[in-house]
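Chain by chain, the residues run as shown.
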Amino acid sequence: MNPQFYNDWDTILSDEFAKPYYQTLRKFLQSEYATHVIYPQMMDMWTAFNLTPYRDVKVVILGQDPYHGPNQGHGLSFSVKSGVKIPPSLRNIFKELSADLDIPIPESGILTGWAKQGVLLLNTVLTVREGAPASHRGKGWEEFTDVVIRKLSMRREPIVFILWGRHAQEKTALINRRRHVIIESSHPSPFSASRGFFGSRPFSKTNAYLREWGVQPIDWSKTSAE
């Protein structure tokens, strides 16, 4: 489970895989995948890094756990595979996207099109046991993804960090606000979307920053790379 990203993440993160915390995490994952149903599938664990090289990151959308239902998560925060019913939080993201940019609500919940344009769809925990949300928290993933955020914060080129909800916003201390931009609101979950997510216009705000920096904005209507 020492990944090969086949891009510049291999160099950026190479030191992490020899560290004791990661070796402990690796052993835990080997046992979990051998004895339980774990999502995403092992081959999809690193999708966010495979599709969005370090040098290409323009935007980070930070999620929590992967989806814990069959055929949902595939390594990108909030995204589900084609043909899978769109989960409630993603449905609310699409509602806000449509209201913000006046584009049709996507029919598929796959977000590979965003990832290929430079949107790093990162979960703070990259795996989960089937039907057991938060089951892989506190096992080492948080330490790993904190390093990812710190490495991105060290980059000279500015990035927009989109942090929805308290869990994501706990990561603000890792981000250099003098160099990067943070867009915050409540989480798109049905339990909290009405408390500040709806009407927050994160997509148009992100593109305004990218244009200000002379960077190609995201075509948010292009959710799928298929």
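Located above this text is the structure these notes cover.
Residues numbered from 1 in each chain as written. Predicted model: local features only at pLDDT ≥ 70, side-chain atom pairs only at ≥ 80, totals over all residues. Heavy atoms only, no water.

### Things to note about the sheet that holds strand β5 (residues 160-164)
Logical step 1: Spatially, four strands are ordered β3-β2-β5-β6 in an open sheet, and the strand pairing comes out parallel. A single partner strand is all that each edge strand has here, and the edge strands are β3 (119-123) and β6 (181-185). Each adjacent strand pair in this sheet contributes to an overall mean axis angle of 20°, direction not counted.
Logical step 2: Here strand β2 (residues 59-63) runs beside β3; their pairing, made up of five bridges, is parallel. (Pairing = 2+ DSSP bridges. Helix = DSSP H or I, 4+ residues; strand = E, 2+ residues; numbered from the N terminus. Axes fitted to C-alpha atoms, helices over the stretch in contact; angles between N-to-C directions.)

### Observations regarding the nonpolar core
Logical step 1: Core analysis: the largest hydrophobic core is formed by 64 residues, its most contacted members being Trp9, Phe49, Ile61, Trp114, Phe144 and Leu152.
Logical step 2: In contact with Trp9, other than residues within four places in its own chain, are Ser14, Phe49, Thr52, Pro53, Tyr54, Val57, Leu120, Val148 and Leu152. (Core = buried A, V, L, I, M, F, W, Y, C linked by side-chain atoms within 4.5 Å. Buried < 20%, exposed > 50% of the residue type's maximum accessible area, 1.4 Å probe, protein only. Contact = heavy atoms within 4.5 Å.)

### Focus on the pairing of β5
Logical step 1: Of all the five residues making up β5, five are buried; the element is thus mostly covered by neighbouring parts of the structure.
Logical step 2: The alternating pattern of β5 places Val160, Ile162 and Trp164 on one face and Phe161 and Leu163 on the opposite face, and all of these are buried.
Logical step 3: Where β2 and β5 come together, four bridges link them in parallel fashion. Bridged to Leu62 within β5 is Leu163.
Logical step 4: Bridging between β5 and β6 involves five bridges; their strand directions are parallel. Across the sheet, Leu163 pairs through a bridge with Glu184, a residue of β6.

The values reported here are purely geometric and, on their own, carry no functional implication.
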